Amino acid sequence: MSITIALPPTALRGRLLSFLAAPKGAGDNASYRYIPDGLVVVEAGRITRVGPAAEVLPTLPAGTAVDHYPDELILPGFIDAHLHFPQTQVIASYGAQLLEWLQKYTFVAEQRYADQAFAERQAQWFLAELLGNGTTTAAVYGSVHPESAEAFFSQAEVMGTAMIGGKVMMDRNAPPGLLDTAQSSYDDSKRLLQRWHGKGRQRYAVTPRFAITSTEAQLEAAGALAREFPDAYVQTHIAENLKEIEAVKALFPDSRDYLDVYDKYGLLGPKTLFGHCIHLEERERARMAETGSVAVFCPTSNLFIGSGLFPMRELQRRDPPVRIAAATDVGGGTSYSMLRTLGEGYKVQQLQGTNLSALEAFHLVTAGNAEALGLQDEIGAIAPGRFADLVVLDARATAAMAHRMEAVEADLEEELFILMTLGDDRSIKATYIQGRRMHEREGTRSRSPA
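Below: a short report on this structure.

The rules behind these values
- Residues numbered from 1 in each chain as written.
- Predicted model: local features only at pLDDT ≥ 70, side-chain atom pairs only at ≥ 80, totals over all residues.
- Heavy atoms only, no water.
- Phe/Tyr/Trp six-rings, centres within 6.5 Å; stacked < 30°, edge-to-face > 60°.
- Helix = DSSP H or I, 4+ residues; strand = E, 2+ residues; numbered from the N terminus.
- Buried < 20%, exposed > 50% of the residue type's maximum accessible area, 1.4 Å probe, protein only.
- Lys NZ or Arg CZ within 6 Å of the ring centre and 35° of its normal.
- Pairing = 2+ DSSP bridges.
- Right-handed = clockwise from strand over helix to strand, strands pointing away.
- Core = buried A, V, L, I, M, F, W, Y, C linked by side-chain atoms within 4.5 Å.
- Contact = heavy atoms within 4.5 Å.
- Polar contact = N/O pair within 3.5 Å; in protein donor to acceptor, adjacent residues only side chain to side chain.
- Axes fitted to C-alpha atoms, helices over the stretch in contact; angles between N-to-C directions.
- Parallel < 35°, antiparallel > 145°, perpendicular 65-115°, else oblique.
- Expected span 1.5 Å × (residues − 1).
- Salt bridge = Lys/Arg side-chain N within 4 Å of Asp/Glu carboxyl O.

### Let's talk about the packing of aromatic side chains
Applying the stated criterion across every chain, the model contains 16 aromatic pairs. Where Phe85 meets Phe126, the ring centres are 5.4 Å apart and the plane angle is 50°; that geometry is what we call tilted. With Phe85 in the loop between β5 (78–84) and α2 (98–110) and Phe126 in helix α3 (residues 116–132), this pair connects stretches of sequence that are 41 residues apart. Both residues of the pair, Phe85 and Phe126, belong to the buried class. Ring centres of Phe153 and Tyr204 lie 6.1 Å apart, and the angle between their planes is 35°; on these two criteria the pair is classed as tilted. With Phe153 in helix α4 (residues 146–159) and Tyr204 in strand β9 (residues 202–208), this residue pair connects regions lying 51 residues apart in the sequence. Across the pair, Tyr204 and Phe153 agree in class, each one buried. Members of the aromatic cluster, connected to one another through ring pairs, are Phe85, Tyr113, Phe118, Phe126, Phe152, Phe153, Trp196 and Tyr204. A cation sits over an aromatic face here: Arg201 above Phe387, 3.8 Å from the ring centre. Its end group placed over the ring of Tyr233, Lys271 keeps NZ or CZ at 4.3 Å from the ring centre.

Okay, structure coming up:
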């Protein structure tokens, strides 16, 4: 007979911000709920009540532990829709565009992940770094080695985070130490999927790296997995770099375009995450919209590797629109911080003659990315029933930010814009997973009983 011990509730108090709908631009006050002095009550890892502190505090059991952040913003934890776990030591590698960058840096680094012990150490560091940047859920690429995915999921389970991941499938155009086969990639992926998909908060993504590194046979194997496990994700890359597109057309001369390569094998759909999508043709955009596939915007990576500018507004203005998510894409990207990612995203839009408002930006990396991943009922909002994955943001974390904030008079959107243009990991005062504080900037906590 098992005995269940009911743990007492805990709570966070501070300035609460959560989105109710996608903002239509700056000033869309109806798109969010903001409580200047709010309380989030947590039981068994989930939010049970949210409201003004003056109303909720008197209802809590005596002695309930309350973490109080009177000056900070509390938001749903950030969600990163595309990054590479084996590329943590590739970030900030000099002087190459995509195809050369992969050969010169990435493929060299990823070969080390055949070592299980090494992969486990890296997974611990990687997940701690995400939490230190306020990221509580991510869609993550492993290396070709099953050991990398096993290490990643094992550590995520220990931490209690909701993660999506998969071992990459690569059976050509890479060093021998990074090649699998169509059959072995199917077998390894299926074994990992059966072990981890739906275990606790973990989900599996079938992960052909990109068309250049997979034969037709391997893409067919990926499609077979997607058909066998329709609730699993698919993640890959598309239309990041012009030379990449040329290479794909040469390798797949019978396909109408890059997207058609994946479409032929049944790899499109609402659970498919396509990294980059910078240079899509009109037919590809229409097909992505038709299938509900997700275009993932990776601004720091696109700028650093010189790939191009993501056409966010063009994709959104379609009828129907292309679904969009945002991501760091480390190690092509230059920061684990979603704040810095949003700042660069703003610049990318400026270069195209449009804006990315602070409301749109913070919706994108919380509720927006949750919806893109189909997890909107679990994460992405501060609401009863959702997991208590939360981030506490300090808009005065640096001297420059504090100085700038002196000129802001209780303007929420200005504060958010300062966070996304001047903020980084120093602005993350605390990160909570299922109501447990898993990261804390030193000397920041104020805890008191209710």
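Further notes follow.
### Considering the pairing of strand β10 (residues 233–238)
Across the six residues of β10, six count as buried, placing the element largely inside the fold. Burial of β10 is two-sided: the residues Tyr233, Gln235 and His237 facing one way and the residues Val234, Thr236 and Ile238 facing the other way are all buried. Inspection of the sheet shows β9 paired to β10 by two bridges, in the parallel sense. When the sheet's bridge partners are listed, Ala205 is paired in β10 with Tyr233. Handedness of the β9-helix α6 (residues 216–228)-β10 crossover: right-handed.

### Considerations on the nonpolar core
Counting 112 residues, the largest nonpolar core has Tyr262 and Phe362 as the members making the most contacts within it. Leave out the neighbours within four places in its chain, and Phe362 touches Phe19, Leu75, Phe78, Leu339, Leu342, Leu393, Leu416, Leu419 and Met420. Counting residues in hydrophobic clusters, the runner-up holds 18 residues, among them Leu273, Ala325, Ala372 and Ile379.

### Quick notes on the side chain of Glu110
Along the chain, Glu110 turns up in helix α2. Within the local environment of Glu110, its side chain forms a polar contact with the side chain of Gln87, the two groups lying 3.4 Å apart.

### So, the packing of helix α12 (residues 338–350) against helix α15 (residues 412–422)
Between α12 and α15, the least distance of the axes is 6 Å, while the angle of their chain directions is 95°. Considering their axes alone, α12 and α15 lie roughly perpendicular with respect to each other. From α12, Leu339, Leu342, Gly343 and Tyr346 reach across to α15, where they touch Phe417, Leu419 and Met420.

### Description of α3
Given a rise of 1.5 Å per residue, 17 residues ought to cover 24 Å, and the 24 Å separating the end C-alpha atoms of α3 matches this to within 8%. Burial in α3 covers these residues: Phe118, Ala119, Gln122, Ala123, Phe126, Leu127, Leu130, Leu131 and Gly132. Buried positions along α3 lie against β5, β6 (135–141), α4, β7 (162–166), β15 (428–433) and β16 (436–440). Positive backbone phi, at 80°, marks Gly134, one or two positions downstream of α3.

### Observations regarding the pattern of salt bridges
Opposite charge on two side chains makes pairing possible when the charged atoms of those side chains draw close. Under the counting rule described, the total for this entry stands at 26 salt bridges. The salt bridge involving Arg13 is made with Asp37; its shortest N-O contact spans 2.8 Å. On the criterion of sequence distance, the pair formed by Arg13 in strand β1 (residues 10–19) and Asp37 in strand β2 (residues 32–43) is long-range, its members being 24 residues apart. Taking relative accessible area as the criterion, Arg13 reaches 21% and is therefore assigned partly exposed. Glu378 is the partner of Arg203 in a salt bridge, and the nearest nitrogen-oxygen pair spans 2.6 Å. Of this pair, Arg203 sits in strand β9 while Glu378 is found in the loop between α13 (358–372) and β14 (390–393), placing the two residues 175 residues apart along the sequence. On the basis of relative accessibility, which here comes to 22%, the residue Glu378 falls in the partly exposed class. A single network of salt bridges, built from pairs that share partners, joins Asp67, Arg437 and Glu440.

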